[in-house]
Amino acid sequence: MNFERQLASLRAEYPGRFVPDFEPQNGNERARILVVMEAPGNKTKPDLGGSGRVSQFNNDSTARNMLGLLQESQVAHEDIAIWNAVPWHIERKDIRQNDVLSEGLSKLSLIIDSMPRLKAVVLMGLKAQKAEKRLRVSYPHVSVERAWHTSPLCYNKHPEKRAENVALFKGL
């Protein structure tokens, strides 16, 4: 199955929720690295002026930091897919609810199973990292890595976190 089928499946299962597209300039199904963030931000939602996709090219600080990380670590767009622990847009306060996060994480395998070249999953931030144990057990052939979230709250205030992310991505 390809990502378009996976997105259609998620949209059918959650008709009242906005599930964004993948960034078409990225490798997506052909990628060797899956980057997992928290949840789609407002800049993914077209009705809020967003692009309609999960992308390092979105007009927000988290996306700009992700783009800078990819450039500095020399990871090509063809080598990545960017997705979220919760694949539909939610209000920020809802990410703290374990049931929302668990439900979202349960859908991650739909994406991973569609990536035949996958070598690494990078879990960015504490919310995404809740999938670590499950992924290590379910996908022992895939490297599962922890990284700092690229949000300005975390990333911009602590330059050492940016440097750690760059070192990690350079090694992938």
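Note that this is a predicted model, so its numbers are computed, not measured.

### Observations regarding the confidence of the model for the chain
Averaged over all residues, the pLDDT of the chain equals 91, while 95% of them reach at least 70. Mean pLDDT values for the elements of the chain range from 75 in helix 3 (residues 98-105) up to 98 in strand 6 (residues 143-147).

### As for the layout of surface pockets
Empty space among the atoms becomes apparent when a probe as large as a water molecule is rolled across them. By volume, the largest pocket amounts to about 830 Å³. Contributing to the lining of the largest pocket are 38 residues, with Met 37, Glu 38, Thr 62, His 149 and Ser 151 lying nearest its centre. Tallied by class, the residues present in the lining of the largest pocket amount to 15 nonpolar, 14 polar and nine charged.

### Structural notes on the sheet that holds strand 2 (residues 33-37)
If you trace the four strands from one edge of the open sheet to the other, you get 4-2-5-6, paired in parallel fashion. Looking at which strands have only one partner, the edges of the open sheet turn out to be strand 4 (80-84) and strand 6. Strand-to-strand twist in this sheet, taken as the mean axis angle between neighbours without regard to direction, amounts to 20°. Of the strand pairs in this sheet, strand 2 and strand 5 (residues 120-124) are connected by four bridges, and their pairing is parallel. The residue bridging Ile 33 from the neighbouring strand is Ala 120, located in strand 5. Those strands touched by helix 2 (residues 61-72) are strand 2, strand 4 and strand 5, and its axis lies near 155° from that of strand 2.

### What about the nonpolar core?
Core analysis: the biggest nonpolar cluster contains 49 residues, and Leu 34, Trp 83, Leu 108, Val 121, Met 124, Leu 135 and Phe 169 have the highest contact counts within it. A per-element tally of this core places strand 2 first, with five residues. Dropping the residues within four chain positions of it, Val 121 is found in contact with Leu 34, Val 36, Ile 112, Leu 135, Val 142, Ser 143, Val 144 and Glu 145.

### Topic: helix 2
Here helix 2 contains twelve residues, and its C-alpha end-to-end distance of 16 Å stays within 8% of the 16 Å for a straight helix at 1.5 Å per residue. Within helix 2, the full set of buried residues consists of Ala 63, Asn 65, Met 66, Leu 67, Leu 69 and Leu 70. The inward-facing, buried residues of helix 2 abut strand 2, strand 4, strand 5, helix 6 (152-155) and helix 7 (159-170). Residue Asp 60 occupies the N-cap position of helix 2, its side-chain oxygen lying 3.1 Å from the main-chain nitrogen of Thr 62. Residue Gln 74 follows helix 2 closely and has a positive phi angle near 60°.

The rules behind these values
Residues numbered from 1 in each chain as written. Predicted model: local features only at pLDDT ≥ 70, side-chain atom pairs only at ≥ 80, totals over all residues. Heavy atoms only, no water. pLDDT = per-residue confidence, 0-100. Helix = DSSP H or I, 4+ residues; strand = E, 2+ residues; numbered from the N terminus. 1 Å grid on protein atoms, 1.4 Å probe; cavity = no way out; pocket = protein on both sides within 12 Å on 5 of 7 lines; lining within 4 Å. Points joined across faces, edges and corners; volume = space filled by probe spheres on them. Nonpolar A, V, L, I, M, F, W, Y, C, P; charged D, E, K, R; others polar. Pairing = 2+ DSSP bridges. Axes fitted to C-alpha atoms, helices over the stretch in contact; angles between N-to-C directions. Contact = heavy atoms within 4.5 Å. Core = buried A, V, L, I, M, F, W, Y, C linked by side-chain atoms within 4.5 Å. Buried < 20%, exposed > 50% of the residue type's maximum accessible area, 1.4 Å probe, protein only. Expected span 1.5 Å × (residues − 1). Polar contact = N/O pair within 3.5 Å; in protein donor to acceptor, adjacent residues only side chain to side chain.

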